[in-house]
Amino acid sequence: ERKDLRRDWYIVRRDETSLLTSLGEVVYHKTLFKNVATGESCYLLDQLMGLEHHARITEDAEARILQEASESSYRKGGTNASINGESISKEAVMNKLHRLEFPALKAAEKKELRTLYIALQYLEKKGDIRKPRINTVMPRIIYVYEGVESDEEGRPRLINPRYFGGVYDGQEAVSRLWTEVLDYLDEAYDLDAVDRVYINGDGATWIRTGEKIIPKSKFALDKYHMHKYILAATSHLEDSAEDARGEIYRAIHRKKKWMAEGAFDRIIKITDKETKRKAVEQAKAYILGNWSGIMLSMKSGDSNVRCCAEGHVSHVYADRMSSRPLGWCRTGADKMSRLRIYRQNEGNML
C-alpha cells in the first residue's frame, strides 16, 4: 500500500513463508516485487527486516544454536534453536559453523604493565589410522595473561587471560597467529612500558617463532616438560634413579650445561635396552636444546612464569572435541576450536 516507498517496483505474487526465532516459528506472508527498470525480483519485506536472501532462521535463534553446539553437540545445538522445541538438523548446524567468521579480539582499554606472560600448547599427534591417511588435526592454543593470583579456595587463577587459537598449519599460518597476538597486545597494553614478555611453553619450533614477532619477548621452558623428560631419562634406573635425577638437577641449578650433558652420557652408557636408550637420548637432546629457556625459567625468580597449557587444552578444546569418540573434518575442527576460543574469551554469541 506504500507505493511511494516502492517506486518502479510492481507486484508479482504473494507467498507464505516462515522464520525460526528463539521464541518459536513465525509464519507470515510476503510479496514478491519486480523492478521495472532493472528486471530484478525481490521480497522488499526481507530488505526492510534486514533478512538475508532465503533466510529461514533469525540471529537470536542462531546464537542459541552456537552456544549449545560449542558446549555439547551439533544435534543438541539444533534442538536448542527455540524455547518451544522447534529445531534444525545437525547438518544445518554444521553448515552454519563452517561459514562462521570470528572478529579480532579487542581490548576495552590500554594498560601499562611491566611484564606480560604468554603460554602455549597444542593437541599431541596420535598417528595414522593407515597410511597415507592422517587422522589428526592439531589446533593450537595461546593465552596471554598479566600474572597469577589465588581464588577463594587457594587455587591459582590467571589474571585477565585472553585466548587465541585454531588450526594454523605451516610456518606462514603460525606467523599469522603470532601477528594476531601482537595486534591484541599492541591494542591492550602500552608496549613501550613493558620490560619483558615471557613466552612459556614446551619448546616446539612454532612456539619459539613468537620470539621473532613479539617485541621484548624471551622463551622460558615450561618446567612441567623439563621434569617430564628428566623422569623419562631416569625412571628405568630403579634404585639409582633418584641419584641420577639429582645430578641433572644440580647441573641445572648450577647453570652448568656440560655437567648436564655428562650426566646424560653416563645414563646412556649404562642403559642396555635400545628403547630406553633412545628415550634418554631424546631427553638429552630436549634438555640441552632448550637450555637457554631452562636458564631463563630458573633464574627469573618470577612465580608467574609457569605454564598450565595442558589443562587449558583439556578445558578449552578436549572437553568438546576429543574427550569422546568424535570425527571432525579440517574445517569443522578449525571453526569449532575458534568458537571455543571465542566462548572462552566471553564473546557475545549474538
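What you see as residue numbers is a count from 1 along each chain, following the sequence as written. With the structure being a predicted model, the display of local features is reserved for residues of pLDDT at least 70 and the display and counting of side-chain atom pairs for 80 or more, all residues being used for whole-chain, interface and lining totals. The basis for every side-chain value is the complete set of heavy atoms in the structure, and neither hydrogens nor water enter the calculation.

The subject of this paragraph is unusual backbone geometry. Of note, Asp8 is a non-glycine position whose phi angle comes to about 75°, a positive value. Strands here mean DSSP runs of E at least two residues long; helices mean DSSP runs of H or I at least four residues long; both are numbered from the N terminus. Position of Asp8 among the secondary structure elements: in the segment before β1 (9–21). Residue classification places Asp8 among the partly exposed residues on the basis of a relative accessible area of 48%. When accessible area is computed with a 1.4 Å probe and restricted to protein chains, residues below 20% of their type maximum are described as buried, those above 50% as exposed, and intermediate ones as partly exposed.

The next thing to look at is the confidence of the model for the protein. In the predicted model, the protein carries a mean pLDDT of 86, and the fraction of residues at 70 or more is 91%. A residue's pLDDT is the predictor's confidence in that residue, given on a scale from 0 to 100. We call two residues in contact when some of their heavy atoms are within 4.5 Å. Below pLDDT 50 for its whole length, residues 123–133 participates in 12 contacts with residues either more than four positions away or in separate chains.

Once that is clear, we can look at the pattern of salt bridges. Salt bridge, as applied in this entry: a Lys or Arg side-chain nitrogen positioned within 4 Å of an Asp or Glu carboxyl oxygen. Applying the stated criterion across every chain, the model contains 16 salt bridges. Its salt-bridge partner being Asp15, residue Arg13 comes within 3.0 Å of it at the nearest N-O pair. Residue classification places Asp15 among the buried positions, given a relative accessible area of 18%. Measuring nitrogen to oxygen at the nearest pair gives 2.1 Å for the salt bridge that ties Glu247 to Arg266. With Glu247 in helix α9 (residues 241–253) and Arg266 in helix α10 (residues 257–269), this pair connects stretches of sequence that are 19 residues apart. Here Glu247 falls in the partly exposed class, since its relative accessible area comes to 26%.

Moving on to the side chain of Asn290. Its place among the elements puts Asn290 in the loop between α11 (274–289) and α12 (291–299). Since its relative accessible area comes to 6%, Asn290 is described here as buried. Discounting residues that sit within four places of it in the chain, Asn290 has contacts with Gly203, Arg208, Phe219 and Leu221.

Further remarks concern the sheet that holds strand β2 (residues 24–35). Strand order in the open sheet made by the three strands is β1-β2-β3, with antiparallel pairing throughout. Two strands close off the open sheet at either side, each with one partner strand: β1 and β3 (41–43). In this sheet, adjacent strand axes meet at a mean angle of 25° when their direction is disregarded. Paired strands, as defined in this entry, are two strands with at least two bridges between them according to DSSP. To define axes, lines are fitted to C-alpha atoms, for helices over the stretch in contact only, and angles between the resulting N-to-C directions are given on a 0 to 180 degree scale.

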